[in-house]
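# Commentary on secondary and tertiary structure
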Amino acid sequence: MAKVHAETERTIGAPVDKVRALVADYTETRPKILTEHYRDYAVTEGGTGAGTKATWKLQATSKRVRDVAATVTEPEPGTLVETDANSSMVTKWTVVPAGAGSVVRIETSWDGAGGIGGFFEKTFAPAGLKRIYDGVLGKLAELA
């Protein structure tokens, strides 16, 4: 199994404290910024930052649906880590200052499949996930 990694980032013209608060809000903000690739989103515990638990289905392709049960930690200010209990997938959201605005980066990694399927997963999945995250960050920028 090879590690698969996808990431994208966007500069958002809003103060870092505001953007961090939006990213950490799993109850009100998160449902508003998710794209059509996400469904059945629900917060099951907490709702703001570390300690939050949420579930959703991520449909990355017409045939690939991932059932996510995420637990959120905050290893340092401005960084939220979502660890999926159903797989090896880990997603890290980082919000840092950039002048008068902020840069938001989303990075996801997981243990890919082996063999030829793993080759295709490692080759094509990062680009697909990047497109999904670009849409999420676009909605976040509009909201901010």
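Above this text is the structure in question.
We now turn to the structure provided with this report.

About the thresholds
- Residues numbered from 1 in each chain as written.
- Predicted model: local features only at pLDDT ≥ 70, side-chain atom pairs only at ≥ 80, totals over all residues.
- Heavy atoms only, no water.
- Salt bridge = Lys/Arg side-chain N within 4 Å of Asp/Glu carboxyl O.
- Helix = DSSP H or I, 4+ residues; strand = E, 2+ residues; numbered from the N terminus.
- Contact = heavy atoms within 4.5 Å.

## Remarks on the pattern of salt bridges
In this structure the tally under the stated criterion is six salt bridges. Between Lys 130 and Asp 134 there is a salt bridge; the shortest N-O distance is 3.3 Å. Here Asp 134 and Lys 130 lie together in helix 3 (residues 115-143), a separation of four residues that amounts to about one turn. Bridged by salt links that share partners, the residues Glu 7, Glu 9 and Arg 105 form one connected network.

## Focus on the environment of Val 65
Inspection of the secondary structure puts Val 65 in strand 4 (residues 65-76). Sequence-wise, Val 65 and Tyr 38 are 27 residues apart; in three dimensions their C-alpha atoms are separated by 9.4 Å. Leaving out residues up to four positions away in the same chain, Val 65 has contacts with Arg 39, Lys 57, Leu 58 and Gln 59.

## Some details on unusual backbone geometry
Its identity as a non-glycine residue notwithstanding, Asp 40 has a phi of 55°, on the positive side. Position of Asp 40 relative to the elements: it lies in strand 2 (residues 38-45).

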